[in-house]
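Fold and geometry: a report
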Amino acid sequence: MSVTGCIVAAAVAALAGVGASAGREDAAMAPPETEVLRTLRKGHPRLLADAARFAQLRQAVASDPYLKPRYEALRAAGDRLLGEPPSEYVIPDGLRLLATSRRVLDRVQALAFLYRMDGDRRWAERAWAELHAAAAFRDWNPRHFLDTAEMTHAFAIGYDWLHDFWTPEQRAELRAAIVEKGLKQALGTRRGHMWWSRANHNWNQVCNGGLGMGALAVADEEPEVAAQILHDALASLPRAISQYGPDGAWAEGPGYWHYATMYTVAFMAGLQSALGTDFGLSAIPGFSRCGLFLIHTIGPSGRSFNYADAHEGTVRSAEMWWLARRFRVPGYGWYARAHSPGNVLEILWYDPSIPTVRPRGLPLAFRFRKAEVAAMRTAWGDRNAVWVGLKAGDNKANHSHLDLGSFVLEAGGVRWAVDPGSDDYNLPGYFGLQRFSYYRLRAEAHNTLVYGPGAAPDQDARAVCSIVDFGRKGGAWTAGVDLAPAYAGKVEAAHRQVTLRDDGRVTVRDTMRAAVPVDAWWFMHTGADIALGANGREAVLTRGGRRLRVTIAAPAGAAIAVMDAAPLPTSPNPPMQSRNAGLRKLAIHFPATASLDLTVEMALEPSSARAPGRTPGAPR
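Conventions used here
- Residues numbered from 1 in each chain as written.
- Predicted model: local features only at pLDDT ≥ 70, side-chain atom pairs only at ≥ 80, totals over all residues.
- Heavy atoms only, no water.
- Phe/Tyr/Trp six-rings, centres within 6.5 Å; stacked < 30°, edge-to-face > 60°.
- Helix = DSSP H or I, 4+ residues; strand = E, 2+ residues; numbered from the N terminus.
- Buried < 20%, exposed > 50% of the residue type's maximum accessible area, 1.4 Å probe, protein only.
- Lys NZ or Arg CZ within 6 Å of the ring centre and 35° of its normal.
- Pairing = 2+ DSSP bridges.
- Contact = heavy atoms within 4.5 Å.
- Axes fitted to C-alpha atoms, helices over the stretch in contact; angles between N-to-C directions.
- Parallel < 35°, antiparallel > 145°, perpendicular 65-115°, else oblique.
- Left-handed = near helix turned anticlockwise from the far one by under 90°.
- Nonpolar A, V, L, I, M, F, W, Y, C, P; charged D, E, K, R; others polar.
- Disulfide = S-S within 2.5 Å.
- Salt bridge = Lys/Arg side-chain N within 4 Å of Asp/Glu carboxyl O.
- Expected span 1.5 Å × (residues − 1).
- Bend = angle between axes of the 7 residues up to and from the residue.
- Core = buried A, V, L, I, M, F, W, Y, C linked by side-chain atoms within 4.5 Å.
- pLDDT = per-residue confidence, 0-100.

**Examining the packing of aromatic side chains**
- As enumerated under the stated definition, the model contains 30 aromatic pairs in all.
- Taken together, a centroid distance of 5.8 Å and an interplanar angle of 70 degrees make the contact between Tyr66 and Trp321 edge-to-face. Of this pair, Tyr66 sits in the loop between helix H3 (51–63) and helix H4 (67–81) while Trp321 sits in helix H13 (residues 319–327), and the two are 255 residues apart along the sequence.
- Taking the centre distance of 6.2 Å and the plane angle of 70 degrees together, the rings of Phe287 and Phe327 count as edge-to-face. Taken together, the residues span a long stretch of sequence, with Phe287 in the loop between helix H11 (254–275) and helix H12 (290–296) and Phe327 in helix H13 at a distance of 40 residues.
- For Phe287, a relative accessible area of 0% gives the class buried.
- Site record: aromatic cluster; members linked through ring pairs are Tyr115, Trp128, Phe165 and Trp166.
- The ring centre of Tyr259 lies 4.7 Å from the NZ or CZ of Arg102, which sits over that ring.
- The aromatic ring of Phe523 is capped on one face by Lys585, whose charged end is 3.9 Å from the ring centroid.

**Some words on the pairing of strand S17 (residues 584–604)**
- Relative to S17, strand S12 (residues 506–526) runs antiparallel, the two being bridged by 16 bridges. Across the sheet, residue Asp510 finds its bridge partner in S17, namely Leu598.
- One ladder, built from 6 bridges, connects strand S15 (residues 546–554) with S17; its direction is antiparallel. By the bridge assignment, Leu548 is partnered in S17 with Leu604.

**Brief notes about the side chain of Glu444**
- Its place among the elements puts Glu444 in the loop between strand S6 (414–417) and strand S7 (449–451).
- Of the residues examined, Glu444 reaches a relative accessible area of 0% and is grouped as buried.
- Not counting residues up to four positions away in its chain, the partners in contact with Glu444 are Tyr439, Val450, Asp458, Phe523, His525, Ala566, Pro567, Leu568, Ser571 and Lys585.

**Details of the sheet that holds strand S1 (residues 365–368)**
- Read across the open sheet, the 5 strands follow the order S1-S2-S3-S5-S6; overall the sheet is antiparallel. Looking at strand neighbours, the two that pair on one side only are S1 and S6, the edges of this open sheet. Shown here is a sheet whose adjacent strand axes are inclined to one another by a mean of 15 degrees, direction ignored.
- Pairing analysis gives 5 bridges linking strand S2 (residues 373–377) to strand S3 (residues 387–391), with the strands arranged antiparallel. Bridge assignment links Ala374 to a residue of S3, and that residue is Leu390.

**Remarks on the packing of helix H5 (residues 98–118) against helix H6 (residues 121–135)**
- Viewed as axis vectors pointing N to C, H5 and H6 meet at an angle of 155 degrees, and their least axial separation amounts to 8 Å. Viewed along their axes, H5 and H6 adopt a mutual orientation that is roughly antiparallel. At the point where H5 passes H6, the crossing takes the left-handed sense. Together, Val104, Arg107, Val108, Leu111, Leu114, Tyr115 and Asp118 of H5 and Trp123, Ala124, Arg126, Ala127, Glu130 and Leu131 of H6 make up the contact between the two elements.
- Looking at side-chain class alone, the contact of H5 with H6 contains 9 nonpolar, no polar and 4 charged residues.

**Side note on the pairing of strand S9 (residues 467–472)**
- Where S9 meets strand S10 (residues 476–482), 5 bridges bridge the pair, whose relative direction is antiparallel. In the strand pairing of S10, Phe470 is matched with Ala479.
- Hairpin remark: S9 followed by S10, antiparallel, with 3 residues in the connecting loop; positive phi at Gly474, about 50 degrees.

**A short note on the state of the cysteines**
- Across all of its chains, the model carries 0 disulfides by this definition.
- Unpaired in terms of disulfides, Cys207 finds its nearest cysteine sulfur in Cys290, a separation of 19 Å.
- According to the relative accessible area criterion, Cys207 is buried, its value standing at 0%.

**Description of the pattern of salt bridges**
- In total, this model carries 36 salt bridges according to the counting rule given.
- Between Glu180 and Lys184 there is a salt bridge, with the nearest N and O atoms lying 3.1 Å from each other.
- The partner of Lys473 in a salt bridge is Asp469, with the nearest N and O atoms 2.8 Å apart.
- According to the relative accessible area criterion, Lys473 is partly exposed, its value standing at 45%.
- One connected set of salt bridges, linked through shared partners, spans Arg303, Glu312, Glu410 and Arg415.

**A closer look at helix H10 (residues 223–241)**
- The first and last C-alpha atoms of H10 sit 26 Å apart over 19 residues, in line with the 27 Å expected at 1.5 Å per residue.
- The axis of H10 is deflected most strongly, by about 25 degrees, at Ala235, and proline Pro238 appears within four residues downstream.

**A look at H11**
- Between its first and last C-alpha, H11 extends 30 Å over 22 residues, near the 32 Å set by a 1.5 Å rise per residue.
- Burial runs high along H11: 19 of the 22 residues are buried.
- Residue Gly276 follows H11 closely and has a positive phi angle near 80 degrees.

**Considering the packing of H4 against H5**
- At a minimum axis separation of 10 Å, H4 and H5 run at an interaxial angle of 115 degrees. As for how H4 packs across H5, the hand of that crossing is left-handed. Within the contact between the two elements, H4 uses Tyr71, Leu74, Arg75, Gly78 and Leu81 and H5 uses Arg107, Ala110, Leu111, Phe113, Leu114, Met117 and Asp118.
- Looking at the contact of H4 with H5 residue by residue, the class counts come to 8 nonpolar, 1 polar and 3 charged.

**Brief notes about the nonpolar core**
- Counting 133 residues, the largest nonpolar core has Phe113, Phe155, Trp161, Phe287, Leu323, Leu348 and Trp349 as its most contacted members.
- For this core, the element with the highest residue contribution is H11, accounting for 12 residues.
- If we ignore the near neighbours within four places in the chain, the residues touching Trp161 are Pro45, Leu47, Leu48, Phe54, Gln109, Ala112, Phe113, Arg116, Val344 and Leu348.
- Core analysis: the next-biggest nonpolar cluster, separate from the first, contains 54 residues, Val388, Ala479, Val508 and Ile588 among them.

**So, the environment of Asp519**
- With respect to the element layout, Asp519 can be found in strand S12.
- You can call Asp519 partly exposed: its relative accessible area is 25%.
- Considering only alpha carbons, one finds Asp519 and His589, 70 residues apart in sequence, at a separation of 7.7 Å.
- Those residues in contact with Asp519 that sit more than four places away from it in its chain are Val450, Tyr451, Gly452, His589, Phe590, Pro591 and Ala592.

**Side note on the confidence of the model for the protein**
- Per-residue pLDDT for the protein has a mean of 92; in total, 92% of the residues score no lower than 70.
- Note on residues 1–27: pLDDT under 50 across the span, and 56 contacts to partners over four residues away in sequence or across chains.
- Long-range and interchain partners of residues 610–620, a stretch whose pLDDT sits below 50, account for 27 contacts in this model, where long-range means more than four residues apart.

**Here's the deal with unusual backbone geometry**
- Omega for the peptide link from Gly245 to Pro246 comes to -5 degrees, which places this bond in the cis form.
- Tracing the sequence through the fold places Pro246 in the loop between H10 and H11.
- At Ala308, a position not held by glycine, the phi torsion is positive, near 60 degrees.
- In the Ramachandran plot, His399 falls in the positive-phi region, its phi being about 70 degrees despite a non-glycine side chain.
- Checked against the element boundaries, His399 lands in the loop between strand S4 (393–394) and strand S5 (407–411).
- Assessed through its relative accessible area of 7%, His399 is described here as buried.

See the structure below:
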């Protein structure tokens, strides 16, 4: 077995329980529409939990030391919500009702759950105000179908969990809204035009999952439309779920991993609770390992590797509890407890029998194939550990930036090498032809290389790059990327090698060969204060009482400069885009060069390194 293969095998063995499910090859299969509802559980509630489960939870939230404070916080939030007005139909950007749909879902889920817990009519009455107002909306904005799907999900929970509270007239109103404003928007003449049903990214899971929950809620009263929706969802979802294979990674980044996985898990859980089966969806190869991706791509500080349009914040994932229960993976419970979302789904899916300590043997580094992302660290459970994330992959993936070869770096509890993140989704052409005219989406806004002359885009927008060298070598972890496809037509060969030594030193080596001399730039973005050395070959970054020394080890004559986090003079610079306040970048420039062999070393200065400590709430 190769070094990489051994590492993957060790990781799977360390996360006990993954191997048993991950090896299954049985594919999910959509049953005929006439059969899909054959095992429907009659009565309500039947989505995510039944009456018996809610009865168990009533006891648990009163006594379990983990659940009790979370339930009390939920009640306090519910009390505040009682005085809030219902949501209104607002599309602030002219396109999305999504913020309203999510607000309705969060509110209804919390209020309906509180009613199931204590029977207080105030919760149900306030939920009705929310649902009644949204039922009267002129539509649920089907042109941006995420909005429709999430609103349908909200109504499904409200209809199902509060079914015994509603009058027949209220049920009829909610059911009509689910069917007419939700389910039927994906059927009839529209059925063949739902592009998201053929997608392999988060839109597939969110749209199918939200509609699927609506179908399960009204399946006994509206069996024909429900069966169509469920059949279509079961036929469509494997396209997206298969993207987790083979190692559980997600090409859209950790933030969109959460969005996609939350809806995938909610629908699987809804199928199980309402029909007794998820029709093999959770057995699709790679899905059982998806929690491993989240564990590795969150740095010691708790912040994520925010490649693509992902955010840098901590991913607080209730679905990790469900994954832990489904696949019996103790490492998933360890992460879920450390990064608690404190929401209804966490209470529903929490299982006190799941071990919540870090499993022994969890590797310090992992390469995720297909998504082509690597993460390496010096220690687990130490907020001061050194951690590096390296991105290769596919520039065509949904939400991608031109970020092949980019890295992020943490050491001493500080994020030194920063990804600026996404820009405003409402910028003209952000998801269209102007996407790569915006700085934050271009290679020059990432911690990678730009080979010129400068022209848009600065990497090939169609490029796919692989991690070609990953493993453990001589007291260090190393990961290499073949970057030649990213600069097709500009260079003949390009390679980046990132090495993390056991003592915490990081080395980034870049080599390049071109038939015709090119303008070469090396960039690293940071929010730290920067002081350049007198010889021009080093920079000292300072932040939070720590100092990171960045040194050019080779070649002789190269120098570090400091630049604004802004486009090069030869690059597009459209108006309205973010100006990246608080960020600057280290730059190394090689004008008109046909070859490059650049080595940059980074090390935390010993005098600035604090004694190892644990981030409050971080995994131990």
